[in-house]
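Residue strings, one per chain:
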Amino acid sequence: MKLVRGAWKLLVAIKDGLVLIAMLLFFGLLFAALNARPGSKAIVPGALVLDLKGTIVEQPEEQTPFAAFSGRAMPREYRARDVLRAIDTARTDDRVKALVLDLDSFAGGYPATLNEVAEAIRRFRDTKKPVLAYATAYTDAGYRLAANASEIWVNPLGGTIFTGPGGNQLYYKGLIDKLGVTTHVYRVGKFKSFVEPYTRADQSPEAREASQQLLGALFGQWREAIAKARPKAQVAQFLASPDRMIVAANGDIAKANLSAGIVDMLGDRIAFGRRVATLVGSDTNKPVGTFNTIKYDAWVGANPLAKTGDNIGVVTIAGDIVDGEGGPGSAHGDTIAKLILDGLAKKNLKALVVRVDSPGGSVLASERIRLAILEAKKKGLPVVVSMGGLAASGGYWVSTPGDVIFAEPGTITGSIGIFGIIPTFEKTLAKIGITADGVKSTPLSGQPDVYAGTTPQLDTILQAGIENGYRQFLARVAQSRGMTPQRVDAIAQGRVWDGGTARQLHLVDRFGTLQDAVGEAAKRAKLDPAKVHAEYLEKEPSVAAQLAASFADRDDDDATEQAGGDVFARIAAERRGLLAQAIGDVRRLASAGSVQARCLECGGLGPSDSGAADARLLDLILARVGL
C-alpha cells in the first residue's frame, strides 16, 4: 500500500510540475509576444512592403488565441485606416525609398475602400518615389491598386483576366421544397431581395434591375479609375475581347497583358526582388532576390495615431449589426451603444463622427445604436456620419442621426427596407411520419410553431409589425434628410444605390473620406481641424487577442515567399468560398433572430462572398468528416 501511495504522490508531483512548466512557458511566450511589438525595432531604410495576404476592412475581426495553431492560415484583415496611414506617412519619410505592393494573395475590399487606398498610392507616387507591384495574377481589386504603380510586374506563368463585378447567387427554393421546409417571409419593399434565395429559384425582375444599375455604376467607376491611372493600357479591348487577345498571344496570358500595356514587366519573384534591390539596396548576406525591407507592421507601429488637440470621437459600426455584446468583426448593438455612452461621459468629446461600414442586420440593435448616437446630440455635440465601403439597410438606419453624411462615389448604401423569416418543418416531419397536435387556449398558443406551422392570425400580426417597422424606417430617414415619407418610400423599397446616385437622391450630402468627416465635425464644433485628433471609441483588444495577433505577425515575418494564384487557383478558392457561403446561408436561415434590415446585393461586392465565420464553419465541418 505504501508503494502505491508513493507512486501516486510521484505521479501527482510530475503532473503538478508539468502544469507549472506549461504555465511558465505560456506566460513567457505571452511576455515575449507582448513586448516584441511592431515599431520596437529601429526602421532601416528600404522599401515599405505592403504584403497584403487578405482583405482591407474597416475593422478587423479579433483573432482567437488558437487561430495561429489551427493548421490552416486564415486570410488576414488589414485595417483600412492603418493602411492609409502607412502609405501617407511613408511619402515624406526619407527612410522609405520605394513602395512595394505584393498582391499575390490580396483578397480585395469594398470599391470605396479600394479607391481610397489607390488614391493614397497615387499620392505616394506623385512624390517621385517608385511604386512597384507584383502578382502571379491580379484580381480586379488587386489591379485597382496596382494600376497606380510606376511598374507593374506579373509572373510569366501567370497573367490577368478581368472579370468585372457580378455573378451568380445561390437560390435554395428547390432544396427547401424537397426537404419540406416552409419559409414564412414577412417583408416590405419590392427590391428587398435578401429573402429571395429562400423563396425563389431565380432572381426577381426587380432585384435584377437594381443589381444591373448598381453593378453598372460601380464597374463604370472602376474602368474610369483604371483609364486615369494607366491611360495607355488597352483595358477596354481586354474587357471586350479577352479571348481574341489571348489567342493572338498563343495562349500566353502574361504576354497578352504585356502587349496590351496592362503590365510593364514579366518576371518571377527573384527577378522582381533584384529590380527592387537596384532601387533600395540589399544585404549581400541574404538570398538572391531579397532587398532592404520595411515591414508593414513595424512601420504602422512606428507611426501611431496622433493624440494632440481636442477629441473628436469616432465610433466604428462595421460588419453585421447584431444584438447583444461582442468584439470587433460584427457590430454588436449593446457594445457599440456602451462605447458611445462611455465616450460621452469620460472622453471630453467635442463632436462625434459615426463611421459606418455595414450591410445592416438586426433592427433592434440598429435602433439601440441610433438612440445612443442621439445622446451626443442631446449634449449639443455635432454628429457627422462617414460612410465607408458599405452603409446599407441597418447601416443606413444608424446613419440617420447625422447632421451631415459623407460617402464616396463607390459607397454602397440605401436598401431601406426590413424583413423577417421564420422556417417551419411540418412538411419535413410529415415525410418521416411525424405529426403534431395539442390543445390551444388562444389562436396564438404555441406560436410560432416550428412543428406544425404558423396560423393566419400570427402571419397577419407579423406582417403588420414589419410594415410598421418600415414606416418607422421611412420616418427616421424623412426627418433626417428633410423629405416627406412618401418621397423616401419612392427611393426606398429596399433598393441599393451607389454613392454617386445616393448623393443625387439626397440620401448623402457630400463626397469625402473619414478625415474629411473629422474635419467637418471640428468645424461644426467651432474648432480648428488642424488642432484636433480622432479619438476612436473602441474596446481594447484582450491579452489573448494580442497574443494571437503577435503570433500571426511572426508567421508573416517567417514567410519568405507565398504561393501565388493563377486563374485556376482563383477558381479553386471560389469553389471553397461558394461552399462556405451555402453553409453560412443555411446557418443564417436557421438562426435568424429579430427583424432584419439587411442587404443581399452587398455580399458579392466586398472582400469575399463568404465571411470569416462561414469559412470557420466550413473548416469545422470538413474536419469532422475527415477532409
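Predicted, not measured: the structure shown is a model, and the values here were computed from it. (Residues numbered from 1 in each chain as written. Predicted model: local features only at pLDDT ≥ 70, side-chain atom pairs only at ≥ 80, totals over all residues. Heavy atoms only, no water.)

Draft legend 1. Spatial organisation of the pairing of strand β16 (residues 404-407). Burial along β16 is two-sided: the residues Val404 and Phe406 and Ile405 and Ala407 are all buried. Pairing geometry for strand β15 (residues 383-392) and β16, over 3 bridges, is parallel. Note on β16: the bridge partner recorded for Val385 is Ile405. Alignment of β16 against strand β20 (residues 510-511), held across 2 bridges, turns out to be parallel. Among the inter-strand pairings, Phe406 is bridged to a residue of β20, identified as Arg510. (Buried < 20%, exposed > 50% of the residue type's maximum accessible area, 1.4 Å probe, protein only. Helix = DSSP H or I, 4+ residues; strand = E, 2+ residues; numbered from the N terminus. Pairing = 2+ DSSP bridges.)

Draft legend 2. How the structure looks around helix α11 (residues 269-280). End to end, α11 covers 16 Å across 12 residues, agreeing with the expected 16 Å (1.5 Å per residue, within 8%). Next to the buried residues of α11 lie β1 (46-51), β4 (96-102), β5 (131-135) and β6 (151-154). One side-chain oxygen of the residue at the start of α11 lies 3.2 Å from the amide nitrogen of Ile270, identifying that residue as Asp268. Two residues or fewer past α11, Gly281 is found with a positive phi of approximately 90°. (Expected span 1.5 Å × (residues − 1). Contact = heavy atoms within 4.5 Å. Polar contact = N/O pair within 3.5 Å; in protein donor to acceptor, adjacent residues only side chain to side chain.)

Draft legend 3. Molecular detail of the sheet that holds strand β8 (residues 265-266). Within the open sheet, the 6 strands sit side by side as β8-β6-β5-β4-β1-β9. Their pairing is parallel. Bordering the open sheet on either side are β8 and β9 (293-295), each of which pairs with just one other strand. Two strands pair when backbone bridges link them, and β4 and β5 are joined in this way by 4 bridges, in the parallel orientation. Residue pairing for β5: Leu99 is matched across the bridge by Val131.

Draft legend 4. Region of the structure containing the confidence of the model for the chain. Taken over all residues, the pLDDT of the chain has a mean of 86, while the share at 70 or more is 78%. Scored below 50 in pLDDT, residues 555-563 makes 15 contacts in the model with residues more than four places away or belonging to other chains. Residue range residues 621-627 is modelled with pLDDT below 50. Its contacts to residues more than four positions away, or to other chains, number 3 contacts. (pLDDT = per-residue confidence, 0-100.)

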